[in-house]
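# Chain and residue survey
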Amino acid sequence: MYKIQTLNNISVAGLNRLPREQYEIASELSHPDAILVRSAKMHDLPVPASLKAIGRAGAGVNNIPVPAMTERGIAVFNAPGANANAVKELVLAGMLLAARNIAQGWQFARELEGDDAAIGKAVEAGKKQFVGFELPGRTLGVIGLGAIGVLVANAARALGMKVIGFDPSITVRSAWKLEADVERALSIDDLVSRSDFMSFHVPLTDKTRHMINAERIQSMRDGAVLLNFSRDGIIDDDAAVTALDAGKLYAYVCDFPSNLLKAHPRVVTLPHLGASTCEAEENCAVMVADQVRAYLEDGNVSNSVNFPEIHLPRNGGHRMVVVNRNVPNMLGQISTDLAQDGLNIIDMLNRSRDDLAVTLIDIDQPCQEQTVQRIAGIDGVLSVRCLPDAVQA
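The residue numbering used here restarts from 1 in each chain and proceeds along that chain's sequence as written. Residues qualify for local features only when their pLDDT is at least 70, as the model is predicted, and side-chain atom pairs are given and counted only at 80 or more; totals for whole chains, interfaces and linings, by contrast, use all residues. Each side-chain value is derived from all of the structure's non-hydrogen atoms; neither hydrogens nor water enter the calculation.

## Some remarks on the pairing of strand β1 (residues 2–6)
The cut-offs for exposure are 20% and 50% of the maximum accessible area for each residue type, with area from a 1.4 Å probe on protein chains only; residues under the lower value are buried, those over the upper are exposed, and the others partly exposed. Secondary structure follows DSSP: runs of H or I at least 4 residues long count as helices, runs of E at least 2 residues long count as strands, and numbering of each begins at the N terminus. Taken across its five residues, β1 has four buried, putting it largely inside the fold. Pairing between β1 and strand β2 (residues 23–26): four bridges, direction parallel. When the bridges of β2 are listed, Tyr2 appears paired with Tyr23. Two strands pair when backbone bridges link them, and β1 and strand β3 (residues 34–37) are joined in this way by three bridges, in the parallel orientation. Bridge pairing links Gln5 to Ile35 in β3. For two strands to be treated as a pair, DSSP must find no fewer than two bridges joining them.

Right, here's the structure in full:
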(Lines give C-alpha, C1' and ligand atoms only; values in the text may rest on other atoms or scores of the structure.)
Protein backbone atom coordinates (compact mmCIF):
# COMPACT_ATOMS: atom_id res chain seq x y z
CA MET A 1 0.00 0.00 0.00
CA TYR A 2 1.43 3.35 -1.08
CA LYS A 3 0.69 6.47 0.96
CA ILE A 4 0.00 9.75 -0.86
CA GLN A 5 -0.23 13.03 1.05
CA THR A 6 -2.06 15.96 -0.53
CA LEU A 7 -1.03 19.48 0.51
CA ASN A 8 -3.79 21.17 -1.53
CA ASN A 9 -7.11 20.17 -3.01
CA ILE A 10 -6.20 17.94 -5.93
CA SER A 11 -8.78 17.30 -8.64
CA VAL A 12 -10.72 14.08 -8.14
CA ALA A 13 -9.97 13.22 -11.76
CA GLY A 14 -6.31 12.92 -10.80
CA LEU A 15 -6.84 11.10 -7.52
CA ASN A 16 -9.00 8.56 -9.31
CA ARG A 17 -5.92 7.51 -11.29
CA LEU A 18 -4.55 6.02 -8.07
CA PRO A 19 -6.39 2.73 -7.29
CA ARG A 20 -7.68 2.72 -3.73
CA GLU A 21 -6.67 -0.91 -3.23
CA GLN A 22 -3.05 0.20 -3.75
CA TYR A 23 -3.06 3.80 -2.52
CA GLU A 24 -4.00 5.51 0.72
CA ILE A 25 -4.63 9.21 0.06
CA ALA A 26 -5.08 11.86 2.75
CA SER A 27 -4.11 15.43 3.59
CA GLU A 28 -2.60 14.28 6.86
CA LEU A 29 -0.78 10.98 7.21
CA SER A 30 2.56 9.73 8.44
CA HIS A 31 5.38 8.28 6.34
CA PRO A 32 4.06 9.26 2.88
CA ASP A 33 5.65 7.72 -0.21
CA ALA A 34 4.69 10.76 -2.29
CA ILE A 35 3.23 14.24 -1.94
CA LEU A 36 0.83 15.87 -4.40
CA VAL A 37 0.84 19.66 -4.22
CA ARG A 38 -0.39 22.70 -6.10
CA SER A 39 0.51 26.02 -4.46
CA ALA A 40 1.50 25.06 -0.90
CA LYS A 41 5.02 26.23 -0.08
CA MET A 42 7.23 23.30 0.88
CA HIS A 43 10.53 25.09 1.55
CA ASP A 44 10.08 25.06 5.32
CA LEU A 45 8.21 21.78 5.65
CA PRO A 46 9.94 18.74 7.17
CA VAL A 47 10.66 16.02 4.64
CA PRO A 48 9.84 12.50 5.88
CA ALA A 49 12.46 9.82 5.30
CA SER A 50 9.84 7.72 3.50
CA LEU A 51 9.32 10.29 0.72
CA LYS A 52 10.21 9.15 -2.79
CA ALA A 53 8.42 11.62 -5.03
CA ILE A 54 6.68 14.99 -5.16
CA GLY A 55 4.10 15.75 -7.83
CA ARG A 56 3.29 19.39 -8.58
CA ALA A 57 -0.10 19.68 -10.29
CA GLY A 58 1.07 22.58 -12.44
CA ALA A 59 4.05 23.75 -14.43
CA GLY A 60 6.13 25.87 -12.03
CA VAL A 61 7.99 24.38 -9.06
CA ASN A 62 9.05 27.56 -7.24
CA ASN A 63 7.19 26.35 -4.15
CA ILE A 64 9.30 23.17 -3.94
CA PRO A 65 12.94 23.07 -2.74
CA VAL A 66 14.10 21.12 -5.79
CA PRO A 67 17.89 21.12 -5.03
CA ALA A 68 17.28 19.79 -1.53
CA MET A 69 15.01 17.06 -2.90
CA THR A 70 17.64 16.09 -5.46
CA GLU A 71 20.21 15.69 -2.68
CA ARG A 72 17.79 13.31 -0.97
CA GLY A 73 17.16 11.30 -4.15
CA ILE A 74 13.54 12.42 -4.30
CA ALA A 75 11.98 12.85 -7.74
CA VAL A 76 10.04 16.07 -8.40
CA PHE A 77 7.42 15.94 -11.15
CA ASN A 78 5.36 18.68 -12.75
CA ALA A 79 2.72 18.87 -15.46
CA PRO A 80 4.10 20.91 -18.36
CA GLY A 81 1.54 21.63 -21.02
CA ALA A 82 -1.46 20.42 -19.04
CA ASN A 83 -2.60 23.99 -18.43
CA ALA A 84 -1.21 25.38 -21.69
CA ASN A 85 -4.54 25.97 -23.42
CA ALA A 86 -5.96 27.75 -20.38
CA VAL A 87 -3.01 30.17 -20.26
CA LYS A 88 -3.08 30.64 -24.03
CA GLU A 89 -6.72 31.71 -23.90
CA LEU A 90 -5.99 34.22 -21.14
CA VAL A 91 -3.07 35.71 -23.09
CA LEU A 92 -5.37 36.19 -26.10
CA ALA A 93 -7.96 37.77 -23.81
CA GLY A 94 -5.24 40.01 -22.40
CA MET A 95 -4.28 41.25 -25.86
CA LEU A 96 -7.90 42.10 -26.62
CA LEU A 97 -8.40 43.74 -23.22
CA ALA A 98 -5.45 46.01 -23.92
CA ALA A 99 -6.04 46.73 -27.61
CA ARG A 100 -9.73 47.60 -27.22
CA ASN A 101 -9.55 49.28 -23.77
CA ILE A 102 -12.22 46.87 -22.59
CA ALA A 103 -11.54 47.08 -18.84
CA GLN A 104 -11.56 50.88 -18.91
CA GLY A 105 -14.69 50.97 -21.05
CA TRP A 106 -16.46 48.51 -18.78
CA GLN A 107 -15.59 50.56 -15.72
CA PHE A 108 -16.88 53.69 -17.47
CA ALA A 109 -20.16 51.98 -18.30
CA ARG A 110 -20.60 50.63 -14.76
CA GLU A 111 -20.32 54.14 -13.32
CA LEU A 112 -22.93 55.75 -15.62
CA GLU A 113 -25.90 57.30 -13.82
CA GLY A 114 -29.33 58.63 -14.77
CA ASP A 115 -32.16 57.21 -16.83
CA ASP A 116 -31.56 55.22 -19.99
CA ALA A 117 -31.73 58.30 -22.17
CA ALA A 118 -29.07 60.03 -20.07
CA ILE A 119 -26.91 56.91 -20.12
CA GLY A 120 -27.23 56.66 -23.92
CA LYS A 121 -26.19 60.29 -24.30
CA ALA A 122 -23.21 59.80 -21.97
CA VAL A 123 -22.12 56.70 -23.91
CA GLU A 124 -22.06 58.57 -27.21
CA ALA A 125 -20.14 61.43 -25.62
CA GLY A 126 -17.65 59.25 -23.80
CA LYS A 127 -16.89 56.34 -26.10
CA LYS A 128 -14.27 58.21 -28.09
CA GLN A 129 -11.83 58.01 -25.18
CA PHE A 130 -11.81 54.21 -25.49
CA VAL A 131 -10.95 53.94 -29.19
CA GLY A 132 -8.52 51.04 -29.60
CA PHE A 133 -6.81 49.17 -32.40
CA GLU A 134 -7.03 45.78 -34.10
CA LEU A 135 -4.59 42.87 -33.86
CA PRO A 136 -4.00 41.83 -37.51
CA GLY A 137 -0.72 43.20 -38.79
CA ARG A 138 0.65 43.84 -35.29
CA THR A 139 3.72 41.97 -34.10
CA LEU A 140 3.68 39.70 -31.05
CA GLY A 141 6.97 38.77 -29.45
CA VAL A 142 6.88 35.50 -27.48
CA ILE A 143 9.70 34.84 -25.04
CA GLY A 144 9.76 31.15 -24.13
CA LEU A 145 8.55 28.61 -26.68
CA GLY A 146 7.53 25.72 -24.49
CA ALA A 147 4.05 24.20 -24.44
CA ILE A 148 2.32 27.51 -23.66
CA GLY A 149 4.48 29.77 -25.79
CA VAL A 150 3.96 27.63 -28.89
CA LEU A 151 0.17 27.69 -28.48
CA VAL A 152 0.22 31.47 -27.97
CA ALA A 153 2.41 31.99 -31.05
CA ASN A 154 0.24 29.78 -33.27
CA ALA A 155 -3.00 31.35 -32.04
CA ALA A 156 -1.66 34.85 -32.73
CA ARG A 157 -0.76 33.81 -36.27
CA ALA A 158 -4.33 32.57 -36.73
CA LEU A 159 -5.52 36.05 -35.72
CA GLY A 160 -3.43 37.60 -38.48
CA MET A 161 -0.56 38.82 -36.32
CA LYS A 162 3.11 38.61 -37.17
CA VAL A 163 4.94 36.56 -34.51
CA ILE A 164 8.56 36.63 -33.39
CA GLY A 165 9.80 34.05 -30.91
CA PHE A 166 12.88 33.69 -28.74
CA ASP A 167 13.92 30.58 -26.84
CA PRO A 168 17.56 29.44 -26.88
CA SER A 169 16.53 26.12 -25.32
CA ILE A 170 13.60 25.26 -27.57
CA THR A 171 13.05 21.51 -27.85
CA VAL A 172 12.69 19.62 -31.10
CA ARG A 173 9.13 18.71 -30.07
CA SER A 174 8.18 22.38 -29.63
CA ALA A 175 9.91 23.39 -32.84
CA TRP A 176 7.86 20.86 -34.82
CA LYS A 177 4.61 22.23 -33.35
CA LEU A 178 5.45 25.86 -34.11
CA GLU A 179 3.90 27.44 -37.22
CA ALA A 180 6.51 27.63 -39.97
CA ASP A 181 6.19 31.39 -40.43
CA VAL A 182 6.94 32.26 -36.79
CA GLU A 183 10.18 34.23 -37.02
CA ARG A 184 13.12 33.47 -34.74
CA ALA A 185 14.59 36.43 -32.88
CA LEU A 186 18.35 36.54 -32.48
CA SER A 187 18.11 37.73 -28.87
CA ILE A 188 15.69 39.15 -26.32
CA ASP A 189 16.78 42.65 -27.28
CA ASP A 190 16.14 41.88 -30.95
CA LEU A 191 12.63 40.69 -30.10
CA VAL A 192 11.90 43.62 -27.81
CA SER A 193 12.84 46.20 -30.43
CA ARG A 194 10.49 44.73 -33.06
CA SER A 195 7.35 43.84 -31.07
CA ASP A 196 4.06 45.64 -30.48
CA PHE A 197 3.00 43.06 -27.89
CA MET A 198 5.30 40.94 -25.70
CA SER A 199 4.20 37.79 -23.88
CA PHE A 200 6.46 35.96 -21.45
CA HIS A 201 6.46 32.20 -20.83
CA VAL A 202 9.60 31.49 -18.83
CA PRO A 203 10.24 30.44 -15.21
CA LEU A 204 11.39 32.98 -12.66
CA THR A 205 15.13 32.56 -12.13
CA ASP A 206 18.05 34.85 -11.41
CA LYS A 207 18.48 35.20 -15.18
CA THR A 208 14.84 36.04 -15.91
CA ARG A 209 14.07 38.28 -12.92
CA HIS A 210 13.38 41.79 -14.25
CA MET A 211 14.06 40.56 -17.75
CA ILE A 212 12.10 43.61 -18.82
CA ASN A 213 13.61 46.63 -17.08
CA ALA A 214 13.86 50.36 -17.69
CA GLU A 215 16.68 49.96 -20.21
CA ARG A 216 14.85 47.40 -22.34
CA ILE A 217 11.60 49.33 -22.18
CA GLN A 218 13.35 52.31 -23.74
CA SER A 219 14.33 50.16 -26.73
CA MET A 220 10.71 49.06 -27.30
CA ARG A 221 8.41 50.47 -29.91
CA ASP A 222 6.31 53.37 -28.68
CA GLY A 223 2.90 52.17 -27.55
CA ALA A 224 3.97 48.57 -26.87
CA VAL A 225 1.90 46.26 -24.66
CA LEU A 226 3.36 43.94 -22.01
CA LEU A 227 1.61 40.67 -21.12
CA ASN A 228 2.83 38.66 -18.13
CA PHE A 229 0.94 35.47 -17.33
CA SER A 230 4.12 33.63 -16.39
CA ARG A 231 5.64 34.65 -13.04
CA ASP A 232 5.61 37.76 -10.90
CA GLY A 233 9.04 39.38 -11.11
CA ILE A 234 9.72 38.76 -14.80
CA ILE A 235 8.88 42.43 -15.43
CA ASP A 236 10.16 45.31 -13.32
CA ASP A 237 6.79 46.75 -12.34
CA ASP A 238 8.23 50.10 -11.24
CA ALA A 239 9.87 50.56 -14.63
CA ALA A 240 6.67 49.51 -16.42
CA VAL A 241 4.53 52.03 -14.50
CA THR A 242 7.04 54.80 -15.16
CA ALA A 243 6.89 53.99 -18.88
CA LEU A 244 3.08 53.90 -18.83
CA ASP A 245 2.93 57.30 -17.14
CA ALA A 246 5.35 58.70 -19.73
CA GLY A 247 3.31 57.29 -22.63
CA LYS A 248 6.11 54.98 -23.77
CA LEU A 249 4.01 51.86 -23.07
CA TYR A 250 0.36 51.60 -24.08
CA ALA A 251 -0.77 48.97 -21.57
CA TYR A 252 0.38 46.31 -19.12
CA VAL A 253 -1.74 43.19 -18.54
CA CYS A 254 -0.66 40.70 -15.90
CA ASP A 255 -1.83 38.02 -13.49
CA PHE A 256 -0.16 39.49 -10.40
CA PRO A 257 -1.97 42.38 -8.65
CA SER A 258 -0.11 44.69 -6.30
CA ASN A 259 -0.73 48.06 -4.66
CA LEU A 260 1.41 49.63 -7.37
CA LEU A 261 -0.53 48.10 -10.25
CA LYS A 262 -4.11 47.39 -9.24
CA ALA A 263 -5.54 50.91 -9.68
CA HIS A 264 -3.38 52.19 -12.53
CA PRO A 265 -5.58 53.28 -15.45
CA ARG A 266 -3.37 51.59 -18.08
CA VAL A 267 -2.89 48.32 -16.18
CA VAL A 268 -5.21 45.32 -16.12
CA THR A 269 -4.41 42.96 -13.26
CA LEU A 270 -6.11 39.59 -12.85
CA PRO A 271 -6.05 37.38 -9.72
CA HIS A 272 -3.64 34.72 -11.02
CA LEU A 273 -6.19 33.15 -13.35
CA GLY A 274 -3.75 31.66 -15.86
CA ALA A 275 -4.46 28.01 -15.11
CA SER A 276 -7.77 28.52 -13.33
CA THR A 277 -10.09 26.42 -15.44
CA CYS A 278 -11.72 23.16 -14.49
CA GLU A 279 -10.11 21.53 -17.51
CA ALA A 280 -6.60 22.71 -16.63
CA GLU A 281 -6.86 21.60 -13.00
CA GLU A 282 -8.07 18.16 -14.09
CA ASN A 283 -5.39 17.83 -16.78
CA CYS A 284 -2.62 18.77 -14.34
CA ALA A 285 -3.86 16.41 -11.66
CA VAL A 286 -4.24 13.49 -14.06
CA MET A 287 -0.79 14.01 -15.59
CA VAL A 288 1.05 14.30 -12.31
CA ALA A 289 -0.82 11.39 -10.70
CA ASP A 290 0.07 9.14 -13.62
CA GLN A 291 3.72 10.21 -13.41
CA VAL A 292 3.99 9.63 -9.67
CA ARG A 293 2.29 6.25 -10.00
CA ALA A 294 4.64 5.17 -12.81
CA TYR A 295 7.65 6.08 -10.69
CA LEU A 296 6.43 4.41 -7.51
CA GLU A 297 5.34 1.20 -9.21
CA ASP A 298 7.91 0.82 -11.99
CA GLY A 299 10.65 3.42 -11.44
CA ASN A 300 9.85 5.04 -14.80
CA VAL A 301 10.31 8.81 -15.00
CA SER A 302 8.45 11.34 -17.17
CA ASN A 303 8.35 15.12 -16.80
CA SER A 304 10.62 15.34 -13.80
CA VAL A 305 12.39 18.63 -13.19
CA ASN A 306 15.38 16.98 -11.48
CA PHE A 307 15.51 13.33 -12.67
CA PRO A 308 16.40 12.07 -16.14
CA GLU A 309 13.72 10.66 -18.42
CA ILE A 310 13.86 6.88 -18.15
CA HIS A 311 11.52 4.06 -19.19
CA LEU A 312 12.17 0.33 -18.96
CA PRO A 313 9.27 -2.03 -19.73
CA ARG A 314 8.60 -4.77 -17.18
CA ASN A 315 9.80 -8.20 -18.32
CA GLY A 316 8.89 -10.36 -15.36
CA GLY A 317 12.00 -9.72 -13.30
CA HIS A 318 12.21 -8.17 -9.85
CA ARG A 319 12.94 -4.46 -10.18
CA MET A 320 15.40 -2.36 -8.23
CA VAL A 321 15.58 1.44 -8.56
CA VAL A 322 18.86 3.17 -7.72
CA VAL A 323 19.29 6.95 -7.63
CA ASN A 324 22.90 8.09 -7.46
CA ARG A 325 25.32 10.86 -8.26
CA ASN A 326 26.50 10.80 -11.85
CA VAL A 327 30.10 9.73 -11.20
CA PRO A 328 32.31 6.96 -12.69
CA ASN A 329 32.07 3.29 -11.68
CA MET A 330 28.64 3.45 -10.08
CA LEU A 331 27.24 0.70 -12.32
CA GLY A 332 30.30 -1.45 -11.70
CA GLN A 333 29.90 -1.24 -7.96
CA ILE A 334 26.16 -1.92 -8.11
CA SER A 335 26.68 -4.94 -10.40
CA THR A 336 29.37 -6.32 -8.11
CA ASP A 337 27.10 -6.12 -5.07
CA LEU A 338 24.29 -7.89 -6.93
CA ALA A 339 26.66 -10.65 -8.08
CA GLN A 340 27.96 -11.09 -4.55
CA ASP A 341 24.49 -12.22 -3.50
CA GLY A 342 24.03 -14.42 -6.57
CA LEU A 343 21.56 -12.07 -8.28
CA ASN A 344 21.67 -12.09 -12.06
CA ILE A 345 20.75 -8.99 -14.07
CA ILE A 346 18.02 -9.72 -16.66
CA ASP A 347 17.80 -6.16 -17.94
CA MET A 348 19.21 -2.78 -16.94
CA LEU A 349 18.86 0.82 -18.06
CA ASN A 350 20.83 3.83 -16.83
CA ARG A 351 20.11 7.46 -17.62
CA SER A 352 21.74 10.62 -16.31
CA ARG A 353 20.87 14.29 -16.06
CA ASP A 354 23.50 16.77 -14.97
CA ASP A 355 24.94 15.46 -11.68
CA LEU A 356 22.28 12.79 -11.06
CA ALA A 357 21.62 9.35 -12.54
CA VAL A 358 18.85 6.76 -12.26
CA THR A 359 19.36 3.05 -12.85
CA LEU A 360 16.53 0.55 -13.31
CA ILE A 361 17.64 -3.05 -12.80
CA ASP A 362 15.57 -6.19 -13.32
CA ILE A 363 17.03 -9.23 -11.56
CA ASP A 364 16.13 -12.89 -11.71
CA GLN A 365 15.35 -13.31 -7.99
CA PRO A 366 13.81 -11.16 -5.26
CA CYS A 367 16.57 -8.94 -3.87
CA GLN A 368 17.53 -9.34 -0.25
CA GLU A 369 17.61 -6.65 2.40
CA GLN A 370 21.36 -7.09 2.81
CA THR A 371 21.80 -6.32 -0.90
CA VAL A 372 19.75 -3.16 -0.60
CA GLN A 373 21.76 -2.01 2.42
CA ARG A 374 25.08 -2.76 0.72
CA ILE A 375 24.16 -0.78 -2.41
CA ALA A 376 22.76 2.04 -0.27
CA GLY A 377 26.16 2.22 1.41
CA ILE A 378 28.03 2.93 -1.83
CA ASP A 379 29.44 6.45 -1.77
CA GLY A 380 27.27 8.56 -4.08
CA VAL A 381 24.11 6.43 -3.87
CA LEU A 382 21.20 8.64 -2.78
CA SER A 383 18.40 6.10 -2.59
CA VAL A 384 17.73 2.43 -3.30
CA ARG A 385 14.43 0.64 -3.36
CA CYS A 386 13.05 -2.63 -4.58
CA LEU A 387 9.50 -2.59 -5.76
CA PRO A 388 6.95 -4.00 -3.31
CA ASP A 389 7.15 -7.61 -4.46
CA ALA A 390 10.94 -7.59 -4.64
CA VAL A 391 12.21 -7.37 -1.07
CA GLN A 392 12.85 -10.39 1.13
CA ALA A 393 14.26 -10.04 4.61
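Picking up after the structure, the text goes on.
## Observations regarding the sheet that holds strand β17 (residues 381–386)
Strand order in the open sheet made by the four strands is β14-β15-β13-β17, with antiparallel pairing throughout. The sheet terminates laterally at β14 (345–353) and β17, the two strands that pair on one side only. This sheet shows a mean twist of 10° between the axes of neighbouring strands, independent of strand direction. Pairing of strand β13 (residues 318–325) with strand β15 (residues 356–363) involves eight bridges; the strand directions are antiparallel. The partner of Val321 across the bridge, within β15, is Leu360. Together, β13, β14, β15 and β17 form the strand contacts of helix α12 (residues 330–340), whose direction differs from that of β13 by roughly 145°. Residue contacts are defined here by distance: any two heavy atoms, one from each residue, within 4.5 Å place the two residues in contact. Helix axes are fitted to C-alpha atoms over the stretch in contact, other axes to C-alpha atoms as well, and angles between N-to-C directions run from 0 to 180 degrees. Contacts from helix α13 (residues 369–376) reach β13 and β17, with the element oriented near 165° to β17.

## Here we look at the packing of aromatic side chains
Between the rings of Phe, Tyr and Trp (Trp by its six-membered ring), a pair exists once the centres lie within 6.5 Å; its type follows the angle of the planes, with under 30 degrees stacked, over 60 edge-to-face, and the other angles tilted. Tallying each qualifying case throughout the model produces six aromatic pairs. Here the aromatic rings of Phe108 and Phe130 are separated by 5.2 Å at their centres, their planes lie at 55°, and the arrangement is tilted. Taken together, the residues span a long stretch of sequence, with Phe108 in helix α4 (residues 102–110) and Phe130 in the loop between α5 (116–126) and β6 (139–143) at a distance of 22 residues. Accessibility expressed as a relative area gives 22% for Phe108, which makes it partly exposed. Residue class for Phe130 comes out buried when judged on its relative accessible area of 18%. Ring centres of Phe133 and Phe197 lie 5.9 Å apart, and the angle between their planes is 50°; this geometry places the pair in the tilted category. Of this pair, Phe133 sits in the loop between α5 and β6 while Phe197 sits in strand β9 (residues 197–200), and the two are 64 residues apart along the sequence. Taking the relative accessible area as the measure of exposure, Phe197 reaches 0% and is therefore buried. Here a set of aromatic residues connected by ring pairs shows up, and it is made of Phe77, Tyr295 and Phe307.

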